[in-house]
Amino acid sequence: MRELSLNVLDIAQNSIVAGATLITLSVIEDTESDRLTLVIADNGRGMTSEQLAQVRDPFYTTRSTRKVGMGVPLFRMAAEMAGGELTIQSTIGQGTVVTATFGLTHIDRMPLGDMAGTVSTLIRLNPHLDFVYCHKVDDRSFELDTRALREVLDDVPLSEPDVMEWIDANMAEGLLPLNSQA
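Residues numbered from 1 in each chain as written. Predicted model: local features only at pLDDT ≥ 70, side-chain atom pairs only at ≥ 80, totals over all residues. Heavy atoms only, no water.

J.: So what exactly am I meant to see when it comes to the sheet that holds strand β6 (residues 140-145) here?
T.: Think of a sheet as strands paired side by side through backbone hydrogen bonds, with each pair either parallel or antiparallel. Read across the open sheet, the six strands follow the order β3-β4-β2-β1-β5-β6; overall the sheet is mixed. Of all strands in the sheet, those bounded by a partner on one side alone are β3 (85-91) and β6. With direction set aside, neighbouring strand axes in the sheet form an average angle of 10 degrees. Of the pairings in the sheet, the one linking strand β1 (residues 22-30) to strand β2 (residues 35-42) comprises eight bridges and is antiparallel in character. Counterpart to T24 in the pairing with β2 is A41. Sheet strands in contact with helix α1 (residues 4-17) are β1, β2, β4 (95-103) and β5 (130-137), and its direction is about 20 degrees off that of β2. Here helix α4 (residues 115-125) sits on the sheet and contacts β1, β5 and β6; the angle it forms with β5, its principal contact strand, is near 170 degrees. (Pairing = 2+ DSSP bridges. Helix = DSSP H or I, 4+ residues; strand = E, 2+ residues; numbered from the N terminus. Axes fitted to C-alpha atoms, helices over the stretch in contact; angles between N-to-C directions. Contact = heavy atoms within 4.5 Å.)

J.: What is the right way to read the packing of aromatic side chains from this model?
T.: A ring pair, where both rings are aromatic, is described by two values, the distance of the centres and the angle of the planes. Going through the model one piece at a time under the given rule, you end up with two aromatic pairs. Centre to centre, the rings of F75 and F102 are 6.2 Å apart; their planes meet at 45 degrees, and the pair counts as tilted. Taken together, the positions of F75 in helix α3 (residues 71-81) and F102 in strand β4 put the pair 27 residues apart, joining distant regions of the chain. (Phe/Tyr/Trp six-rings, centres within 6.5 Å; stacked < 30°, edge-to-face > 60°.)

Okay, here's the thing in structure tokens:
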């Protein structure tokens, strides 16, 4: 994977397969400590201690369509190559939290990539699920919470083209100040 946003998409897909109904994606860019932290948290079925011990092994997967599972090992390698680490906490019946840290300006850190596109894709393909996207750069932040949108939209599905167009525009507008030095 060439962008961290694709790793986030892969881990979020694991959350969906694990039966999550709420997935929180957090991006924290701390320029003072030179750290980038990505957190993917879900309320899915969680993992047993045995699964948790094996999840970093590329030859372990719960999928029946193939014999390898490279998502977590590649994400871990990307973090470690950029001076960080990957941790996973999981509790049966409560969910899983995957946290990856990186040196923000580390020369080997992959670009963050299109997180807005990742979030938009997840919502478009899973309109029945809830997503919270939080992106923080130092003291500036943006948040999109589909639960709040559902309250306002009443019975209009998130997958409606006009709703998705608004979500995309809202993310673009909300993330713009995070990319500037304002």
